[in-house]
Amino acid sequence: MKRGSIPGWLRASAALPFVAVVALQTAGHVGADPAAEATAVITAPAVDANGEPANGYWVTDRLTTSVSLSGCSGPSPAAVGNNIYSCDPSEAGANICWPAPASLLCVRDPWSRALRRFVSPGALPAVNPPETPMPFALVLDDGTRCVLRAGEEWGGRADGLVPAYGCAMTSWSYAVLASPDQDLAAAIDRSQPLWRVQTGAVGPPTAGFWPPRPRKVATAWFAGNAVG
């Protein structure tokens, strides 16, 4: 990908080594632990090998019809397993999707565990996970929940920084920020066991806000495949 370009799964709006993934926690959700010495990394196999919801995930509606998928040719940016897809068009917000019978099941966050079902746009190619996957959800050290942006206009800032993750989920007025001229995976500094991000307010692209504030990442979720 050309540096500074915005991939299809972020049209409506870095590479570092990926660390080992720990097992999915199926009860409750992981909150922020200010005393943690390392980011808790969770892989979420939300759909089983038969294309059925798994591990407490469920289909929120039988079929999503407001937007039809036109293609699923690339891997999800959050994938740590094979054949987990990012689908077009971007306004569908379908960037973390597993194949299911004649459809795809797509997740947005690990807290509601809700999956949206889309009609499959046709035969799906085999895809491998990206070299540097991006978590599809984060909990920061102050308990703030953030999700990987997809399919919506999530605001901007006069300093040119763009939101890689939307936070404060009732208003999307707060974000994990990235420079527009860097690979977006670099929005998360993974150089230390406790990952770090820069956060700040977002709004109209010409709006001035306070400089970004650093925060630590308590928990990060990636999209994986069920075992067995």
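Residues numbered from 1 in each chain as written. Predicted model: local features only at pLDDT ≥ 70, side-chain atom pairs only at ≥ 80, totals over all residues. Heavy atoms only, no water.

**Considerations on the layout of surface pockets**
Volume-wise, the second largest pocket comes out at about 200 Å³. Going through the elements one at a time, strand S6 (103-107) and strand S7 (114-119) are the ones with two or more residues in the lining of the second largest pocket. Looking at the lining of the second largest pocket, the element that brings in the most residues is S7, giving three residues. Taken together, the residues of the lining of the second largest pocket break down into nine nonpolar, five polar and five charged. (1 Å grid on protein atoms, 1.4 Å probe; cavity = no way out; pocket = protein on both sides within 12 Å on 5 of 7 lines; lining within 4 Å. Points joined across faces, edges and corners; volume = space filled by probe spheres on them. Helix = DSSP H or I, 4+ residues; strand = E, 2+ residues; numbered from the N terminus. Nonpolar A, V, L, I, M, F, W, Y, C, P; charged D, E, K, R; others polar.)

**Some points on the pattern of salt bridges**
Tallied over the entire structure, the rule returns three salt bridges. Residue Asp141 is joined to Arg215 by a salt bridge in which the shortest nitrogen-to-oxygen separation is 2.6 Å. Residue Asp141 is located in the loop between strand S8 (137-140) and strand S9 (145-148), and its partner Arg215 is located in strand S14 (residues 213-223); the two are separated by 74 residues in the primary sequence. By relative accessible area, Arg215 is classed as buried at 13%. Linked by salt bridges that have partners in common, Asp141, Asp142 and Arg215 make up one network. (Salt bridge = Lys/Arg side-chain N within 4 Å of Asp/Glu carboxyl O. Buried < 20%, exposed > 50% of the residue type's maximum accessible area, 1.4 Å probe, protein only.)

**Comments concerning the confidence of the model for the chain**
For residues with low pLDDT, the predicted coordinates do not support detailed interpretation. Across the chain, the average pLDDT comes to 84, with 82% of residues at 70 or higher. Within the model, the stretch residues 1-30 combines pLDDT values under 50 with 75 contacts to residues more than four positions away or in other chains. (pLDDT = per-residue confidence, 0-100. Contact = heavy atoms within 4.5 Å.)

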